[in-house]
Amino acid sequence: MAFVAMCCVQLGLAASVGLAERIGTEEVAWLRLVWAAVILVVVVRPWRVSFSRPALLTCVALGFAIGAMTMLFMAAVVRLPLGTASALEFLGPLGVAIARGRGASRFWAVVAAAGVLSLTEPWHGGTDPMGVFFALAAGACWAGYIVLTQRAGDEVTGIHALAVSIPVAAAVATVVVGPAGFPEVTGQLLVLGIGLAFLLPVIPFTLELLALRRLTTVAFGTLMCLEPAIALVIGLVVLGQVPRPSALIGIVLVVAAGVGAERTGARVEIDPAIESRA
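As the structure is a computational prediction, the values presented were derived from the model and not from experiment. (Residues numbered from 1 in each chain as written. Predicted model: local features only at pLDDT ≥ 70, side-chain atom pairs only at ≥ 80, totals over all residues. Heavy atoms only, no water.)

Regarding the overall build of the protein
Alright, step 1. Per the secondary structure count, the protein includes eleven helices and zero strands.
Alright, step 2. The secondary structure elements of the protein, listed N-terminal to C-terminal, are α-α-α-α-α-α-α-α-α-α-α.
Alright, step 3. Looking at the protein alone, contacts between residues at least 24 apart form 89% of all its contacts between residues at least 6 apart.
Alright, step 4. With the model as given, the accessible surface of the protein reaches about 11900 Å², and the carbon-plus-sulfur share is 68%. (Helix = DSSP H or I, 4+ residues; strand = E, 2+ residues; numbered from the N terminus. Contact = heavy atoms within 4.5 Å. Areas by Shrake-Rupley, 256 points an atom, 1.4 Å probe, with all protein chains shown as cover.)

Regarding the side chain of T58
Alright, step 1. Assignment of secondary structure puts T58 in helix α3 (residues 53–77).
Alright, step 2. A residue is classified by how much of its surface remains accessible, and T58, at 14% relative accessible area, is buried.
Alright, step 3. When sequence neighbours within four positions are dropped, the list of residues in contact with T58 reads L148, R151 and A152. (Buried < 20%, exposed > 50% of the residue type's maximum accessible area, 1.4 Å probe, protein only.)

Some thoughts on the nonpolar core
Alright, step 1. In this structure, L88 and I166 are the most contacted members of the largest nonpolar core, which totals 76 residues.
Alright, step 2. Top element by residues in this core is α3. It accounts for eleven residues.
Alright, step 3. Among all residues touching L88, those that are not within four sequence positions of it are L80, V116, L119, T120, V132, A135 and L136.
Alright, step 4. With six residues, the next largest nonpolar core counts A55, C59, V156 and V164 among its residues. (Core = buried A, V, L, I, M, F, W, Y, C linked by side-chain atoms within 4.5 Å.)

Some words on the environment of L248
Alright, step 1. By the secondary structure assignment, L248 is in helix α11 (residues 245–263).
Alright, step 2. Through-space distance from the C-alpha of L248 to that of A229 is 8.9 Å; in sequence the pair is 19 residues apart.

Topic: the packing of helix α1 (residues 2–23) against helix α10 (residues 227–239)
Alright, step 1. One can describe the packing of α1 onto α10 by two numbers: an axis separation of 9 Å at closest approach and a directional angle of 45 degrees. The pairing of α1 with α10 is recorded here as oblique in orientation. Considering the relative orientation of α1 and α10, their crossing is right-handed. Contacts between α1 and α10 involve F3, M6, C7, V9, Q10, L11, A14 and V17 on the former and, on the latter, E227, I230, A231, I234, V238 and L239.
Alright, step 2. Of the residues assigned to the contact of α1 with α10, the class counts are twelve nonpolar, one polar and one charged. (Axes fitted to C-alpha atoms, helices over the stretch in contact; angles between N-to-C directions. Parallel < 35°, antiparallel > 145°, perpendicular 65-115°, else oblique. Left-handed = near helix turned anticlockwise from the far one by under 90°. Nonpolar A, V, L, I, M, F, W, Y, C, P; charged D, E, K, R; others polar.)

Re a nonpolar patch on the surface
Alright, step 1. On the surface, a nonpolar cluster with roughly 550 Å² of combined accessible area is contributed by L11, V233, L236, V237, V238 and V242.
Alright, step 2. Take the nonpolar patch: its biggest share by element is four residues, from α10.
Alright, step 3. For L236, the location among the structural elements is in helix α10. (Patch = residues over 30% accessible without salt bridge, like charges linked within 9 Å, V, L, I, M, F, W, Y side chains within 5 Å. Salt bridge = Lys/Arg side-chain N within 4 Å of Asp/Glu carboxyl O.)

Here we look at unusual backbone geometry
Alright, step 1. P201 follows L200 through a cis peptide bond whose omega is 20 degrees.
Alright, step 2. As for its placement among the helices and strands, P201 is situated in helix α8 (residues 187–212).
Alright, step 3. We note that R45 has phi near 50 degrees; this positive angle belongs to a residue other than glycine.

Some details on the environment of V168
Alright, step 1. Residue position: V168 is located in helix α7 (residues 158–177).
Alright, step 2. Sequence-wise, V168 and I66 are 102 residues apart; in three dimensions their C-alpha atoms are separated by 8.7 Å.
Alright, step 3. Look past the residues within four positions of V168 in its chain and what remains in contact with it is V60, G63 and F64.

Regarding the packing of α1 against α3
Alright, step 1. Two elements in contact, α1 and α3, have axes separated by 10 Å at closest approach and are oriented at 70 degrees. With respect to their mutual orientation, α1 and α3 come out roughly perpendicular. In this structure, α1 contributes L13, S16, V17 and A20 to the contact, and α3 contributes F73, M74 and V77.
Alright, step 2. Class assignment for the residues of the contact of α1 with α3 results in six nonpolar, one polar and no charged.

Section: the confidence of the model for the protein
Alright, step 1. When the pLDDT values of the protein are averaged, the result is 81; 80% of them are 70 or greater.
Alright, step 2. Segment residues 265–278: pLDDT under 50, and 57 contacts once partners within four positions in sequence are set aside and those in other chains are kept. (pLDDT = per-residue confidence, 0-100.)

Details of the state of the cysteines
Alright, step 1. This model, assessed by the stated rule, comprises zero disulfides.
Alright, step 2. Just so you know, C7 is unpaired, no disulfide at all, and the nearest cysteine sulfur is the one on C8, 7.2 Å from it. (Disulfide = S-S within 2.5 Å.)

Here we look at the environment of G92
Alright, step 1. Of note, G92 is situated in helix α4 (residues 82–100).
Alright, step 2. Here the alpha-carbon distance between G92 and A137, two residues 45 residues apart in the chain, equals 8.4 Å.
Alright, step 3. Apart from residues lying up to four places away in sequence, G92 is in contact with G139, A140 and A143.

Here you go:
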């Protein structure tokens, strides 16, 4: 289930890239979040659950992190190959794991840094610097919502927290895009928007929740480290993005660093944040 969820995430991103060429990057992110918010509110009906004030504030803050992460990562994937952008974004949660780890954590930080150098090749200047910036900023937001989801999980079940945070994320995207940026809603765009929302994030979140009930946190976290590699394959098959040899090496190094950090127990406390992926 975790593997299928990761595939849905990357397929949703690949489909978003294609649609972004028609209506714009920010507009696609907005469309996806708005429809996901509608679906979750209708299905989950969060008003039927009693939220404490601290829990509600945490869910709202989580929504801001998800909204920013979604907008920033969409801005990255239209400038960088999907595998490269995903690997750079993955440095956010990897950084949290390394920061909380001990002993071998420094070694895995060096491995991750080597992977970034291979991905970006700063000595050539061929990688879009703004794309790299957006991917790293999205990774920082991912790291932030890991911490926020830990707090939300103390008082709110995952799906109900999501039914609050995703509407907040949609509101953030609405403010960023602004009325002038809203795409003209046609029948075709309506169907595409609903389909994208199910593909990312509705279905992946549901599968991740189910998987987390059947897997240990270490096992699930190790599976998540495969996401940059899955992004590489999806980018190749769906978008025709053939990776450079150096980029392929970089992705392997980042994945290895993630697996290594998991094996040393670095993410045992933060894996519940996967429920908040956007």
